[in-house]
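Chain residues, written in single-letter form:
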Amino acid sequence: EEGVLFEPLCCVVHGMVETANIARGSSVLVTGPGRICLLALQVAKALDCATIITGPKSSSHRLKIAEQLGADLVISEGVVDGSWVDPLVKAIGNVDYVVEASGTEEAIRDGLRVVKRRGKFLELGVLVKPCNLDFVQLVYKEVTAVGSIASVCSSWVTALDLVKSDKVNLKSLVDPTFPFDRW
């Protein structure tokens with residue numbers, strides 16, 4: 001059952017480890033909280049990163065999974081309107097990396113506000129429509145922005161090592177299954 005999540009894990013590994021080169025021990029904001037976000041959380045934790053997860057209150061079930069998987073901070077209050085950003089930055093400062101996994105304009109906007117000067121912004125979420133980017137944040141902060149959607153052979157090897165060493169728990173992300181006659 002959890003095998004269906006292995007290929008998405010490989011895409012996350014490729015984006016985070018091989019494309020954005022997330023450094024061990026850094027701070028990472030992951031927006032989501034779908035399965036890509038929860039996989040990204042586990043990869044960040046495997047890199048000993050401090051992790052912040054955001055998602056709307058309507059995703060409370062998955063936000064609880066994020067807590068169970070070891071997220072250092074889970075934010076749902078004010079996610080839709082972006083009112084969470086300023087209090088977070090005031091309390092802990094900006095983050096080294098943003099892994100945007102929701103594919104929403106709001107999460108991209110907020111991520112660019114939260115990433116530190118010369119930080120990195122990784123877009124893993126698939127955008128369903130064009131969005132307006134705040135290039136002022138990108139330029140003045142000298143943010144490196146990259147996108148990633150696929151995997152390569154080396155990411156499969158790394159992903160397999162993460163699963164074998166129990167640093168990534170795919171089973172925790174499997175929803176209940178039903179036979180086809182109940183579909």
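Above this note sits the structure.
Residues numbered from 1 in each chain as written. Predicted model: local features only at pLDDT ≥ 70, side-chain atom pairs only at ≥ 80, totals over all residues. Heavy atoms only, no water.

> Looking at this structure, how should I read the sheet that holds strand S1 (residues 27-31)?
Paired through backbone hydrogen bonds, the strands of a sheet run either parallel or antiparallel to each other. Here we have 6 strands laid out as an open sheet, ordered S3-S2-S1-S4-S5-S6, and parallel in their pairing. Looking at the sheet topology across the chains shown, the edges are occupied by strand S3 (73-75) and strand S6 (144-147). Each adjacent strand pair in this sheet contributes to an overall mean axis angle of 15°, direction not counted. Bridge count between strand S5 (residues 115-123) and S6: 4 bridges; the pairing is parallel. By the bridge assignment, Phe 121 is partnered in S6 with Ala 145. Sheet strands touched by helix H5 (residues 105-114): S1, strand S4 (95-100) and S5. Its angle to S5, the strand with the most contacts, is close to 150°. (Pairing = 2+ DSSP bridges. Helix = DSSP H or I, 4+ residues; strand = E, 2+ residues; numbered from the N terminus. Axes fitted to C-alpha atoms, helices over the stretch in contact; angles between N-to-C directions. Contact = heavy atoms within 4.5 Å.)

> It is not clear to me how the packing of helix H1 (residues 6-19) against helix H7 (residues 153-164) should be interpreted in this structure. Could you clarify?
The contact between H1 and H7 brings their axes to 8 Å, and the two run at 110°. In terms of axis orientation, H1 runs roughly perpendicular to H7. In this structure, H1 contributes Phe 6, Glu 7, Leu 9, Cys 10, Val 13, His 14 and Glu 18 to the contact, and H7 contributes Ser 154, Ser 155, Trp 156, Thr 158, Ala 159, Leu 160, Leu 162 and Val 163. Residues belonging to the contact of H1 with H7 are distributed by class as follows: 9 nonpolar, 4 polar and 2 charged. (Parallel < 35°, antiparallel > 145°, perpendicular 65-115°, else oblique. Nonpolar A, V, L, I, M, F, W, Y, C, P; charged D, E, K, R; others polar.)

> Just checking my understanding: could you explain the pairing of S1 for this structure?
Both faces of the sheet carry side chains from a regular strand, because those side chains alternate between them. Here S1 lies mainly inside the structure; 5 of its 5 residues are buried. Burial along S1 is two-sided: Ser 27, Leu 29 and Thr 31 and Val 28 and Val 30, pointing in opposite directions, are all buried. The pairing of S1 with strand S2 (residues 50-54) spans 5 bridges and is classified as parallel. Note on S2: the bridge partner recorded for Thr 31 is Thr 54. A crossover links S1 with its parallel partner S2, the connecting element being helix H2 (residues 35-46), and its sense is right-handed. With 4 bridges joining them, S1 and S4 adopt parallel strand pairing. Residue pairing in the sheet places Val 30 in a bridge with Val 99 of S4. (Buried < 20%, exposed > 50% of the residue type's maximum accessible area, 1.4 Å probe, protein only. Right-handed = clockwise from strand over helix to strand, strands pointing away.)

Keep in mind these numbers describe shape, not what the thing actually does.
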